Amino acid sequence: MTAEAAVEPIQVDHDVVGDLNIDDGESIIDVESLYGSTQSVTASIFEYRDVHGRLYQASRTTEYIFPVDEQHLQGYDLAHEYMLILFSNKLYLAPISNPQTILDIGTGTGNWAIDIATEFPSASVIGTDISAVQPTFAPPNVSFQIDDAQLDWTFEPGHFDLIHCRFLYGGIDDWAKLYRQAYTHLKPGGWFQNVEIDIETLSENPKIQNDPDHVFKTWCQLFWAVGDKTGRTMRIGRDGTMERLMKEQGFTEVVHKSYKVPIGAWAKDGKLKQVGLLNWHYIDQSLDGFAVYPMGQVLGWSREEVGELVDRMRRAIRDVRSLSYYTVKVVYGRKPEEGQ
């Protein structure tokens, strides 16, 4: 990190180094029932709400605030790709070498479930989600089920070797219950891993980082307010909450990791430059989808006001001097063996 870009460090598992000395012309682009997990899919899950031209799942159980249209789903695919690079092509970090019963909660477009089913062809993989947005083609050892993880799980207790969930912020009412159900449905000795984003956008540029009126500050504060109002917190990735919840539910050998994820190709490290470029594309094309429902339907903003906020945020992340990033938090823990 250059001296002029030095800021108070946060505890992360790697450093991200950028450079404020960037040419003005350099582009960032360059550098039926939903209550049982074994119930069949019916026409009701293909019903969507149209909010200002964006499509949202018309779930009977959870009013999810992010869209499920093609534009937003493409963003999820980009996020999956940058996460693979960030984790050095590992689909999970928990120390289990050959899981044979695997559950992916909130599977979304199903990329993680498909990839892990491919990696472990003898395993049985289930991906659940409230939306039927998964592909019709998948390895024979993976199945997708329409289910809301906030409801009581109908899987057999003690069944899974590995349970995984990622990026569920803003969609869960009771995180303690989610962790508790994961514990119940793991085999003794099984592992649970949760990956979430701390949605506060930070900057390695002190001028931006120390500006209380910058759009980065406004953006996260608005989303925290949305989470508080809906009762589905957007702060799950902050203040050690995930680690605390995992320990409270009885998990042992709990490990917590933090990763600074650049928004844009400004990192000097080659791997992080690639991560940042993919992440920039993901964020840039997803900003409108992130904001339309939370700001418009929850906070009561007009479409024009939402558009102005999105434009400000987009200009900020496209500014090559922003050196912007957010933190990805990973927590995994083990269900003790019987007698431990």
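Residues numbered from 1 in each chain as written. Predicted model: local features only at pLDDT ≥ 70, side-chain atom pairs only at ≥ 80, totals over all residues. Heavy atoms only, no water.

### Thoughts on the sheet that holds strand E7 (residues 186–203)
Logical step 1: Taking strand neighbours across the sheet as the criterion, the 7 strands line up as E5-E4-E3-E6-E7-E9-E8 in an open arrangement whose pairing is mixed. Across the chains shown, the open sheet's two edge strands, defined by having one partner strand only, are strand E5 (142–146) and strand E8 (252–262). Recorded for the sheet is a direction-independent mean angle of 15° between the axes of neighbouring strands.
Logical step 2: The sheet contact formed by E8 and strand E9 (residues 324–334) spans 9 bridges and is antiparallel. Bridge assignment links valine 261 to a residue of E9, and that residue is tyrosine 326.
Logical step 3: Lying on the sheet, helix H5 (residues 215–230) is in contact with E7 and E9; it crosses E7 at an angle near 135°.
Logical step 4: Sheet strands in contact with helix H6 (residues 241–248) are E7, E8 and E9, and its direction is about 10° off that of E9. (Pairing = 2+ DSSP bridges. Helix = DSSP H or I, 4+ residues; strand = E, 2+ residues; numbered from the N terminus. Axes fitted to C-alpha atoms, helices over the stretch in contact; angles between N-to-C directions. Contact = heavy atoms within 4.5 Å.)

### Brief notes about the nonpolar core
Logical step 1: Within the largest apolar cluster, 89 residues are counted, with the highest numbers of intra-cluster contacts made by Tyr82 and Val328.
Logical step 2: A total of 12 residues in this core trace back to one element, the largest contributor, which is helix H7 (residues 270–298).
Logical step 3: What tyrosine 82 contacts, discounting residues up to four positions off in sequence, is Phe167, Ile197, Val261, Val275, Leu278, Asn279, Tyr282, Tyr326 and Val328. (Core = buried A, V, L, I, M, F, W, Y, C linked by side-chain atoms within 4.5 Å. Buried < 20%, exposed > 50% of the residue type's maximum accessible area, 1.4 Å probe, protein only.)

### Re the environment of proline 157
Logical step 1: Along the polypeptide, proline 157 turns up in the loop between E5 and strand E6 (160–166).
Logical step 2: When the C-alpha positions of proline 157 and glutamine 181 are compared, they lie 8.8 Å apart, and in sequence the two are 24 residues distant.
Logical step 3: The residues contacting proline 157, other than those within four sequence positions of it, are Thr184 and His185.

### Points about the side chain of arginine 334
Logical step 1: With respect to the helices, strands and loops of the structure, arginine 334 is situated in strand E9.
Logical step 2: Within the structure, the side chain of arginine 334 is placed 3.2 Å from the side chain of glutamate 337, a separation counted as a polar contact. (Polar contact = N/O pair within 3.5 Å; in protein donor to acceptor, adjacent residues only side chain to side chain.)

### Re the pairing of strand E4 (residues 124–129)
Both faces of the sheet carry side chains from a regular strand, because those side chains alternate between them.
Logical step 1: In terms of burial, E4 is a largely internal element, 5 of the 6 residues being buried.
Logical step 2: One crossover worth recording links strand E3 (residues 101–105) to the parallel E4 by way of helix H2 (residues 111–119), and it is right-handed.
Logical step 3: Relative to E5, E4 runs parallel, the two sharing 5 bridges. Directly across from aspartate 129, in E5, lies its bridge partner isoleucine 146. (Right-handed = clockwise from strand over helix to strand, strands pointing away.)

### Details of the environment of lysine 335
Logical step 1: Secondary-structure assignment places lysine 335 in the segment after E9.
Logical step 2: Judged by its relative accessible area of 12%, lysine 335 falls in the buried class.
Logical step 3: Separated by 82 residues in the primary sequence, lysine 335 and glutamate 253 place their C-alpha atoms 8.7 Å from one another.
Logical step 4: Here the side chain of lysine 335 touches threonine 184 through a polar contact of 3.5 Å, landing on its backbone oxygen.

### A word on H5
Logical step 1: Taking 1.5 Å of rise per residue, the 16 residues of H5 would be expected to cover 22 Å, and the 22 Å separating its terminal C-alpha atoms lies within 8% of that figure.
Logical step 2: Looking only at H5, the buried set comprises Val215, Phe216, Lys217, Trp219, Cys220, Leu222, Phe223, Trp224, Val226 and Gly227.
Logical step 3: Residues of H5 that are buried make contact with E7, helix H4 (206–209), H7, helix H8 (303–318) and E9.
Logical step 4: Just downstream of H5 lies glycine 231, where phi reads positive at about 80°. (Expected span 1.5 Å × (residues − 1).)

### Let's talk about the confidence of the model for the protein chain
Logical step 1: In this model, the protein chain carries a mean pLDDT of 84, and residues with pLDDT of at least 70 account for 79%.
Logical step 2: Predicted confidence for residues 1–11 stays below pLDDT 50, and this span has 22 contacts to residues more than four positions away or in other chains.
Logical step 3: With pLDDT under 50 throughout, residues 22–52 is counted as low confidence; its partners more than four residues away or in other chains account for 82 contacts. (pLDDT = per-residue confidence, 0-100.)

### Re the packing of H5 against H8
For any two helices packed against each other, the geometry is given by the interaxial angle and the distance between the axes.
Logical step 1: At a minimum axis distance of 10 Å, the contact between H5 and H8 shows a crossing angle of 130°. Taken together, H5 and H8 sit at an angle that is classed as oblique. Regarding H5 and H8, the two cross each other, and that crossing is left-handed. Residues Val215, Phe216, Thr218, Trp219 and Leu222 of H5 touch H8, and the partners they reach there are Leu309, Arg312, Met313, Ala316 and Ile317. (Parallel < 35°, antiparallel > 145°, perpendicular 65-115°, else oblique. Left-handed = near helix turned anticlockwise from the far one by under 90°.)

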